[in-house]
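What follows is the residue order along each chain.
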Amino acid sequence: MIYDTLINRIGQLLLPAEGPLKGEDMKQLVVLEDAAIAIKDGKVAWIGQNEKAAQMEARQVIDAMGRVVSPGLVDPHTHLVFGGSREGELAMKQAGVPYLEILKQGGGILSTVKATRATSEEGLLEKAKFFLNRMASHGVTTLEAKSGYGLDRETELKQLRVVSRLKEEGALDIVSTFLGPHAIPPEYKDRPDEFLSEMIGMLDDVVRDDLASCGDIFCETGVFTVEQSRRFMKACLELGLGVKIHADEIDSLGGTELAVEMGAISADHLVAASEEGIQALADSSTIAVLLPGTTFYLGKDEYAKARAMIDSGAAVSLATDFNPGSCVTENLQMIMSLAGLKLKMTPEEIWNAVTVNAAWAIGKGEDAGRLEVGKDADLVLWDVPNYSYIPYHYGVNHANLVMKRGEKIWERGDAHVFSVPQS
Ligand SMILES: N=CN[C@@H](CCC(=O)O)C(=O)O
Ligand SMILES: [Zn+2]
């Protein structure tokens, strides 16, 4: 057989196990040293020791020169599509005005809502493509994208259509989530239940036009209560949508417990999750999506209790939460560093959290986040000597080459100039 691509002389080939990986299992990361991988028709066709690859024929041979190869990263929580930006809020943040107070004053999410309503579908599409390209350049090959900056039928649908168009273009795999109940818009101030009814009323259209596979809600003080969140999630489930929830980000309201009760695919944020909530997660199939970049960016000292979650048996994943207000980065590698430093996760747990578990957190566990013969050849060649190096050396882009279904979608221009740092 003549392969399309052979990547040889791989120092470490990361092969996360079948997931979702819970608790102790998150510590296991299969690493094949001195490895090679062959690709045919966009799929992984062979994985093995480098010496066995010597006789193999391929149209293109990539010499990894001892570098690390991993599955393409999966970012399971992003707010990819939005208008405007919020750098103007920095002074308020510096003055210590809390996130929920900025929202209460009509800023924060609501300022992005204004900008998103005012931006055309084409404008949103172009902007999202720019961010998407930057995500890919940092090693992401699959992601989730939420709506939630429309808070009215027209703009929510506009956001969802943008995601559909990005999906059709097919550069990256995107899972679309409807986050209509992300905040209460000014026109429904003090009438959250009526607004929620309006968003629930949109679900038929979302499902009919296949615009999203999950529904999501921001369950938080001053936004939606646990009871309102339950009502929304039930409506989603009745129509066959999966459910996710922004839960216990700032106050411990019981959103984590609700996620488990509703069989949510993921519960996200969880900084203030209670002990009971953490135990419930551990006993469930709901994946915890932790967003340490948000805690960092909001200037908080208390991070989600990843150790308690993993040690009690939960499945944990990591995401950027890329959005214009509470975490403005497309760089999932930076989040891997924060997970090491602030969440006290081990390198093995971190890699499992941004690959196999992240894929399960968006319903893509069968397709993404792993390298296995027959699966899509979504992979990253990293300019690092070992896999622990990425969480360690923070704030830069370590990707050398990113492949989606066997095609190069991003390559570092100066790759030939520098040699790999040796540890
Ligand atoms: N917390 C709620 N929603 C987003 C932030 C959105 C924004 O501030 O624009 C989040 O997940 O962090
Ligand atoms: Zn979010």
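Note that the structure is a prediction, hence the values are computed from the model and not measured.

Draft legend 1. Spatial organisation of the coordination of the zinc ion (ligand 2). Within the protein, the atoms that donate to the zinc ion (ligand 2) are His77 (NE2), His79 (NE2), His246 (NE2) and Asp321 (OD), at distances of 2.0 to 2.8 Å. Written as a sequence motif, the donor arrangement for the zinc ion (ligand 2) is H-x1-H-x166-H-x74-D. In this pair, His77 sits in the loop between β6 (73–75) and α1 (90–94) while His246 sits in strand β11 (residues 242–247), placing the two residues 169 residues apart along the sequence. Accessibility expressed as a relative area gives 0% for His77, which makes it buried. Looking at His246, the relative accessible area reads 3%, which means it is buried.

Draft legend 2. Quick look at the state of the cysteines. Under the counting rule described, the total for this entry stands at zero disulfides. In this structure Cys214 is a free cysteine whose sulfur lies 8.6 Å from that of Cys236, the closest cysteine sulfur available. On the basis of relative accessibility, which here comes to 5%, the residue Cys214 falls in the buried class.

Draft legend 3. Looking closely at the pattern of salt bridges. All told, the structure shown has 35 salt bridges when counted by the stated rule. Note that Asp383 is salt-bridged to Arg67, the shortest N-O span being 2.6 Å. Here Arg67 lies in the loop between β4 (57–63) and β5 (68–71) and Asp383 lies in the loop between β15 (379–382) and α16 (389–392), a separation of 316 residues in the sequence. Take Asp383 and Arg67: they sit in the same class, and that class is buried. The salt bridge involving Asp216 is made with Lys146; its shortest N-O contact spans 2.7 Å. You can see Asp216 sitting in the loop between β9 (214–215) and β10 (218–219) and its partner Lys146 sitting in strand β7 (residues 140–146), a full 70 residues away along the chain. The exposure class assigned to Lys146 is buried, which follows from its relative accessible area of 0%.

Procedures and definitions
Residues numbered from 1 in each chain as written. Chains lettered and ligands numbered in written order. Predicted model: local features only at pLDDT ≥ 70, side-chain atom pairs only at ≥ 80, totals over all residues. Heavy atoms only, no water. Donors = N, O, S within 2.8 Å, 3.2 Å for Na, K, Ca; no water. Helix = DSSP H or I, 4+ residues; strand = E, 2+ residues; numbered from the N terminus. Buried < 20%, exposed > 50% of the residue type's maximum accessible area, 1.4 Å probe, protein only. Disulfide = S-S within 2.5 Å. Salt bridge = Lys/Arg side-chain N within 4 Å of Asp/Glu carboxyl O.

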